[in-house]
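# Summary of structural features
The residues making up each chain are set out below.
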Amino acid sequence: MKEAFLIILVFLISYSPGNGQFLINIETGLSFSKMGNRFTETSTFSEPRFSSRTELLYRLKAHKFHLDLGLGYSLEGHSFKVLNYFEAERIKARLSIHNLNLSIVPSINLHLGSRESGPLGNISLLTGVFYGYIFSSKFKYHKDPVISDIQLKPLNTGLILGIRTSCQAKSKLPTGFDLSLKYYWGLVNIQKGNVEWYTRSLMCSITLPLSKGK
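What you are looking at is a predicted structure, and each value in this text was computed from that prediction instead of being measured. (Residues numbered from 1 in each chain as written. Predicted model: local features only at pLDDT ≥ 70, side-chain atom pairs only at ≥ 80, totals over all residues. Heavy atoms only, no water.)

## Brief notes about the nonpolar core
The condition is simple: Note on terminology: a nonpolar core comprises buried Ala, Val, Leu, Ile, Met, Phe, Trp, Tyr and Cys residues joined through side-chain atoms within 4.5 Å. Three exposure classes are used, based on accessible area relative to the maximum for each residue type with a 1.4 Å probe and protein chains only: buried under 20%, partly exposed in between, and exposed over 50%. Helix and strand definitions follow DSSP, with helices as H or I runs of at least four residues and strands as E runs of at least two, each counted in order from the N terminus.
Of all hydrophobic cores here, the largest spans 10 residues; its members are Met35, Phe80, Ala93, Leu95, Ile97, Ile134, Phe139, Leu152, Ile190 and Trp197. Put simply, the parts of the chain that give this core at least two residues each are β5 (89–109) and β6 (123–141). With 3 residues, the single largest contributor to this core is β5.

## With respect to the pattern of salt bridges
Rules: In what follows, salt bridge is the name for a side-chain nitrogen of Lys or Arg lying within 4 Å of a carboxyl oxygen of Asp or Glu.
Applying the stated criterion across every chain yields a total of 6 salt bridges. Taking the shortest distance from any N to any O, the salt bridge between Arg164 and Asp68 comes out at 3.4 Å. With Arg164 in strand β7 (residues 155–167) and Asp68 in strand β4 (residues 65–84), the pair connects residues that are 96 residues apart, well separated along the chain. Take Arg164: its relative accessible area is 4%, and that puts it in the buried class. Take Asp68: its relative accessible area is 6%, and that puts it in the buried class.

## Considerations on the side chain of Arg53
Put simply, the rule reads: Contact definition: two residues touch when any of their heavy atoms are within 4.5 Å.
In this fold, Arg53 is placed in strand β3 (residues 49–62). What makes Arg53 buried here is its relative accessible area of 4%. Contact partners of Arg53, with chain neighbours within four places excluded, come to Asn25, Ile26, Glu27, Tyr73, Ser74, Asn101, Tyr184 and Met203.

## Focus on the confidence of the model for the chain
Our working rule: pLDDT: the predictor's confidence for each residue, scored from 0 to 100.
Put simply, the chain has an average pLDDT of 77, and 67% of its residues get 70 or more. Mean pLDDT in the chain bottoms out at helix α1 (residues 2–13), which sits at 54, and peaks at strand β8 (residues 177–186), which reaches 93. Taken together, the stretch residues 144–148 has pLDDT below 50 and engages in 14 contacts with residues farther than four places along the chain or on a different chain.

If you want it as structure tokens, here you go:
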């Protein structure tokens, strides 16, 4: 939790007019979970489900290095099977998780070509961290009086790994847009009890500028 407050503090004090750029980041993709049992030491992955993420980013630039500080909302969908004790079979269930997110993502431009060489000349590698606060979750399943709900812990954190390409706009608009492919690797067991639950997401994103940057 201290790290989350530190990110908020950095986000607030780092702003300096003309020294960075505000952007909006929109992501869509698939979420899945690594689920396991502490007693049997077995694990499996849930079925992929649609997920989305929207963030306000502030980007600091220094030559080929960028630092993105993000604050946003995400919706994660998960599909899995639970045991119906009366019929001794597994039935499908769905879980939707609503998060408030903080992210800090450094990146480095590989400089594989010039700006005029197109998107392949502006490829960057991303690696960072995210912090999520689960403020709401909705569990849907077939009618089963034994299954009541899934108890989730409120906080999640993990790593962000990805690749980004910058596309320069041939217009007077602020600097163009970015396309990214990101993998969110949850490191915290978000479920209470004996079941282990680690979130995973594979997302495609487009990032659009809201202000001009240097």
